[in-house]
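# Structural overview
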Amino acid sequence: MRRLARHVAAIGALYVGGVLLAQPAAPEKEAWDFRGIKGEILRTAHYRVYTTERDTVLKGRLTEALELALTQYRGAIVELPAPTRRLDVYLMDERRQWETVTKLLMGEQAEQLLRIPSGGYASRGIGVYYDIGMYGTIAISAHEGWHQYTQQVFRDGLPVWMEEGLATFMEGHRWDGPRPEFRPWANLERFDQLRKAHAGGRLKSLEVLLSTDPKGLFAGESTEALDYYAQVWSLVQFLHE
């Protein structure tokens, strides 16, 4: 039992056979002022979340989802190590605040990041998001959270198709009551886009897919970009199976 307790403390949650046996602990809270806007700093086992989000339900579910997603990153395919320090996440209540935080944190890189049409990004090991609704915010934090994790933990970067394919693999989830249950196949958005790409004759050959850089695909929401993410999602699913 002591060994099990240490394991739970180390990862923040415990899944066995897909069943959640121990859930993440409630976060520690601290007041945070963002340019006159009242916010909070929420600390979990592996994350420090700076937020101005007004939806208390979303805040609570996000902090829990971050820890559950991290458990998924670390065990879905192979065993991977925990981050050596807490990972910083910014969850802003609306896009203008997100834009301001991006300019403050990212310097010259901000201009490029501000072209992202929706949701957020991970860069320099920091996740920066804004509220796009419950499902979308959890999905983007799980997707970009994978990038945040690899930026902080991996010594060398993965091939682009694999990095993005794994990020889409990690974002799939369904709800078990108020708790997200991460399941790679539970990703209706990617499935539907793959079906549309197939029906429209737009699927890329493997050679083209593996050499495509998604950064050039109009910030991730053009048809070509959505097709790309759906296809690398299915490729990782296939390789995993």
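We now turn to the structure provided with this report. Everything quoted here is computed from the prediction, not taken from an experiment.

Moving on to the pattern of salt bridges. Scanning the entire structure with this criterion turns up 15 salt bridges. Glu111 is the salt-bridge partner of Arg115, the closest N and O atoms lying 3.9 Å from each other. Residues joined in a network through salt bridges with shared partners are Arg174, Glu181 and Arg183.

Core analysis: the largest hydrophobic core is formed by 26 residues, its most contacted members being Tyr47, Val49, Tyr73, Trp146 and Phe182. Counting only elements with at least two residues in this core, the list comes to strand 5 (47-51), helix 2 (56-75), strand 6 (87-92), helix 5 (134-153) and helix 6 (160-171). The element that contributes the greatest number of residues to this core is helix 2, accounting for seven residues. Once you skip the residues sitting within four places of it in the chain, Tyr47 turns out to touch Leu42, Leu66, Glu67, Leu70, Tyr73, Arg86, Leu87, Val89 and Gln148. Ranked by size, the runner-up nonpolar core spans 16 residues in total, among them Phe34, Ile41, Val101 and Tyr121.

This part takes up the layout of surface pockets. For the largest pocket, the calculated volume is near 1,400 Å³. As for the largest pocket, its lining consists of 44 residues, and the residues nearest its centre are His143, Glu144, His147, Glu164 and Tyr229. Only helix 4 (110-113), strand 7 (120-123), helix 5, helix 6, helix 7 (188-199) and helix 9 (223-240) provide two or more residues apiece to the lining of the largest pocket. A class-by-class count of the residues in the lining of the largest pocket yields 18 nonpolar, 15 polar and 11 charged.

Note on helix geometry: an α-helix contains 3.6 residues per turn, so any two residues three or four positions apart are oriented the same way. Here helix 2 is 20 residues long and its end C-alpha atoms lie 29 Å apart, about the 28 Å a rise of 1.5 Å per residue gives. Here helix 2 lies mainly inside the structure; 15 of its 20 residues are buried. Two to three positions downstream of the cap, the backbone nitrogen of Val57 sits 2.9 Å from a side-chain oxygen, assigning the N-cap of helix 2 to Asp55.

The mixed open sheet is built from six strands, whose spatial order is 3-4-5-6-8-7. Only two strands of the sheet have a single partner each, and these edge strands are strand 3 (28-34) and strand 7. Ignoring strand direction, the axes of neighbouring strands in this sheet form an average angle of 15°. Strands in contact with helix 3 (residues 95-106) are strand 3, strand 4 (37-43), strand 6, strand 7 and strand 8 (126-130); relative to strand 8, the strand with the most contacts, it is inclined by about 160°.

Per the stated rule, a full pass over the model turns up 12 aromatic pairs. Ring centres 5.4 Å apart and planes at 55° place the aromatic pair Trp98 and Tyr130 in the tilted group. Of this pair, Trp98 sits in helix 3 while Tyr130 sits in strand 8; the two residues are 32 residues apart in sequence, bridging distant segments of the chain. Accessibility assignment for this pair places Trp98 and Tyr130 in one class, buried. Three or more aromatic residues link up through ring pairs in this structure, and these residues are Trp32, Phe34, Tyr50 and Tyr90. Stacked on the ring of Trp175, the Lys or Arg Arg61 has its end atom at 5.1 Å from the ring centre.

How each quantity is defined
- Residues numbered from 1 in each chain as written.
- Predicted model: local features only at pLDDT ≥ 70, side-chain atom pairs only at ≥ 80, totals over all residues.
- Heavy atoms only, no water.
- Salt bridge = Lys/Arg side-chain N within 4 Å of Asp/Glu carboxyl O.
- Core = buried A, V, L, I, M, F, W, Y, C linked by side-chain atoms within 4.5 Å.
- Buried < 20%, exposed > 50% of the residue type's maximum accessible area, 1.4 Å probe, protein only.
- Helix = DSSP H or I, 4+ residues; strand = E, 2+ residues; numbered from the N terminus.
- Contact = heavy atoms within 4.5 Å.
- 1 Å grid on protein atoms, 1.4 Å probe; cavity = no way out; pocket = protein on both sides within 12 Å on 5 of 7 lines; lining within 4 Å.
- Points joined across faces, edges and corners; volume = space filled by probe spheres on them.
- Nonpolar A, V, L, I, M, F, W, Y, C, P; charged D, E, K, R; others polar.
- Expected span 1.5 Å × (residues − 1).
- Polar contact = N/O pair within 3.5 Å; in protein donor to acceptor, adjacent residues only side chain to side chain.
- Pairing = 2+ DSSP bridges.
- Axes fitted to C-alpha atoms, helices over the stretch in contact; angles between N-to-C directions.
- Phe/Tyr/Trp six-rings, centres within 6.5 Å; stacked < 30°, edge-to-face > 60°.
- Lys NZ or Arg CZ within 6 Å of the ring centre and 35° of its normal.

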